[in-house]
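These are the residues of each chain, in order.
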Amino acid sequence: MRSKSFLILILLLFGFMSIAKAQSNNDLYIKKLEQQLSGASAYDQGVIYNRMSDYYSYKNPALAIEKAKKSMSIFLDLDDKQGLAQSYTYLATAFFFNAQQDSCLFYTHKIIEMSNDADLNQYLDDAYYINSLAYRKIGQNEPAMKNALRALTMRLQQQDSLHISEVYGSISKIYKRQGNYSRALDYQLKSIVLNEKYKDSIALLRDYYGIADLYMYLKKYDLAKKNYLLAKKFIKNKGSLGDADITNSLGAIYFEKEQLDSALHYYKIALQYYKANQSKEGVPIAYENLGEVYAKMGNFNKGIRLLKKAETEYNKLGYSQDLTSVYNILGQSYMNIHNKDSADYYFKKSFEAADIIDYADRKMLSLQNLYELHLRAKDTIKAYRYFKQLIHFKDSIQLHKNQLQVSELEKKYQTTKKQKEIERLANKEKLQKAKFRTLLIGSGLVILFLPLMGFFILQKRKKERIITELELEKTRLLNQQLEGELELKNRQLTTHALNMMQKNTILQEFNEHLQEITKYTDGLAKTKLKSMKNEISKMINSEKDWDTFKIYFEQVNKDFIANLKQLNTALTGNDIRLATLLRLNMTNKEIASILNITHQSVKNAQYRLKQKILSNTSEDLRNFLRNL
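Residues numbered from 1 in each chain as written. Predicted model: local features only at pLDDT ≥ 70, side-chain atom pairs only at ≥ 80, totals over all residues. Heavy atoms only, no water.

Colleague: Explain the pattern of salt bridges here, please?
Modeller: Side-chain pairs of opposite charge can arise whenever the charged atoms involved come near each other. Under the definition given, this model contains 14 salt bridges. Notably, a salt bridge pairs Lys176 with Asp213, separated by 2.6 Å at the nearest N-O pair. Linking Lys176 in helix 8 (residues 161–177) with Asp213 in helix 10 (residues 201–217), this pair joins segments that are 37 residues apart in sequence. Of the two residues, Lys176 and Asp213, neither departs from the other in class, the shared state being buried. Salt-bridge contacts for Lys363 lead to Asp355; the nearest nitrogen and oxygen are separated by 3.0 Å. The exposure class of Lys363 is buried, given its relative accessible area of 8%. Sharing partners across several salt bridges, the network here consists of Asp125, Asp126, Arg155 and Glu166. (Salt bridge = Lys/Arg side-chain N within 4 Å of Asp/Glu carboxyl O. Helix = DSSP H or I, 4+ residues; strand = E, 2+ residues; numbered from the N terminus. Buried < 20%, exposed > 50% of the residue type's maximum accessible area, 1.4 Å probe, protein only.)

Colleague: Which parts of the structure should I look at to understand the nonpolar core?
Modeller: One recurring pattern in soluble globular proteins: nonpolar side chains tend to sit buried together. The biggest cluster of nonpolar side chains holds 127 residues, and the ones touching the most others in it are Ile171 and Tyr228. In this structure Tyr228 touches Tyr209, Ala212, Asp213, Met216, Ile246, Ser249, Leu250 and Ile253, once residues within four positions along its chain are discounted. Counting residues in hydrophobic clusters, the runner-up holds 26 residues, among them Ile561, Leu581, Ile613 and Leu614. (Core = buried A, V, L, I, M, F, W, Y, C linked by side-chain atoms within 4.5 Å. Contact = heavy atoms within 4.5 Å.)

Colleague: Got a minute to help me understand unusual backbone geometry in this structure?
Modeller: Both trends apply: most residues other than glycine have a negative phi, and most peptide bonds are in trans. One non-glycine residue with positive phi stands out, namely Asp79, at about 55°. Topologically, Asp79 is positioned in the loop between helix 3 (61–78) and helix 4 (81–97). Since its relative accessible area comes to 63%, Asp79 is described here as exposed.

Colleague: What should I look at first to understand the packing of aromatic side chains in this one?
Modeller: The geometry of an aromatic ring pair is captured by two quantities: the separation of the ring centres and the angle between the planes. Summed over all chains, the structure comprises 15 aromatic pairs. An aromatic cluster is defined as three or more aromatic residues linked by ring pairs; in this entry it consists of Tyr88, Phe95, Phe106 and Tyr107. Directly above the ring of Tyr129 sits Arg155, whose terminal nitrogen or CZ lies 5.0 Å from the centroid. Above the ring of Tyr386, the side-chain terminus of Arg385 is found at 5.0 Å from the ring centroid. (Phe/Tyr/Trp six-rings, centres within 6.5 Å; stacked < 30°, edge-to-face > 60°. Lys NZ or Arg CZ within 6 Å of the ring centre and 35° of its normal.)

Colleague: Is there a simple way to explain the packing of helix 6 (residues 124–137) against helix 7 (residues 141–158) in this structure?
Modeller: Each packed pair of helices is defined by two parameters, the angle between the axes and the distance between the axes. It is at 8 Å that the axes of helix 6 and helix 7 come closest, and there the two elements cross at 155°. The orientation of helix 6 relative to helix 7 falls into the category roughly antiparallel. Viewed along their axes, helix 6 and helix 7 form a crossing whose handedness is left-handed. On helix 7, the residues that touch Leu124, Asp125, Asp126, Tyr128, Tyr129, Asn131, Ser132, Tyr135 and Arg136 of helix 6 are Pro143, Ala144, Asn147, Ala148, Arg150, Ala151, Met154, Arg155 and Gln158. Looking at the contact of helix 6 with helix 7, its residues break down into nine nonpolar, four polar and five charged. (Axes fitted to C-alpha atoms, helices over the stretch in contact; angles between N-to-C directions. Parallel < 35°, antiparallel > 145°, perpendicular 65-115°, else oblique. Left-handed = near helix turned anticlockwise from the far one by under 90°. Nonpolar A, V, L, I, M, F, W, Y, C, P; charged D, E, K, R; others polar.)

Below, the structure is given as structure tokens:
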């Protein structure tokens, strides 16, 4: 035991010596810069202050701002635009790390305004990149993406691989915030490929953390944990901000797995690390996470206290996206302790904050919470009002998503088709030229080298056979790709049908709830409830839903409905609806929910449809419709 303790002591001593040595080197660097200030020209002083700002930007952002402002003042006096652009860049970076995004955006826009001068273009890609980061932090994804792509274009032109990977990582995070996890993963993997090449440990730490974060959102917790631990290997200093982020994320994994004691343990350590690093962003994140865990464990009072601390800090930073989350958790906590007024207040605050930044998922969650709150409180009128808003909002979101997806798929489908056609024609032309050249060469050989003609003819045929095989392989790949696109379109269409089913299920449940309440009411209240029930009945299987469904269906199955009507012109609208759902291979249970009928009614409807279009054959109806 003693030898083990002695070994640990020696290791700790070496560890402290290494840290002290690194700190000593850092101190020497700053002292050297301070010594250079004495007697330096005004221009050189500006450059030195910028170097100091660069050094402090992550370690001590407030000090970095101070140094960059001194540099800015010097270059303003000198009327040196290049030096000024450099000062603005360091100021913007320092303000970003100090969580002052408005000031960060102000200085990046200053650089962009100065970019008309060709000599200042070298700072423009950094300005676009930092600008993108700031917009992403405050939840404005559209300008964030626009400026990230501008930075990427410039860095690709410069072939600046190290900084290209930086932008890839940022674009990945924007896609993640938009809920497009597959695109986010693509860009994060592009970043890793570049950083593995240059063995950049800091960049690889960022990449593995980014991938782990994506797996968290995809609920693949084991893969997330594996990548967080890979990222942790690149952490040089225990308790650093990077270590705090990873520790916090490991807590999130345990939270998602319902292992609350372990989650609490990691979140507490993360809070200590964030406080030690004076992280303005990290501290409220830790408060929010701890508050959510305590609330989940039933300790609502402690949870609410911590969540309110997070709310205060997020308000100081102006982080609307994070506030929407805290408001919802506060609302749920108050709902669980039956404080309806406070719950209502925070759910509405969440909706308002989400509405300002157009955060669709959080708006939908807020409406869902308001509906459930008033339903629990038996305030049927308010519950119904929020329910209608929720259904309308879900419909509009789904419609928009489907339109974008179908439009994107159609463009991709047509582009791929055109590209393959161009390739096919180009290869055909190459093949004809090859045949012509072979014919000329063959003719010459017949005249000059008749004995060798047989050999060359065999070689020519072999070459033609190889080219033909390549053509067939390309055609096969094209067909395979087009089939994949078609399958994807079908999946999107099926998703829309399932959304209709989910909506109808919710409507039916609410209708049943109203039916139950109606038994215990009379007079004007009973009349109002009956009116609400009638309105809900109209919302179930509304013609608007089916018209939208028909548009998507015909984009994938262009002639199906026309061919179906040719078989029997007397088919009803319900017959066609049933046929389209059977074509999508929906189960009888799913069809029953979508059409708002019983399971037996679906069977009866299938029998009647078969009689109308397949009365003289024993062929299976589903197979027939799939092949029609």
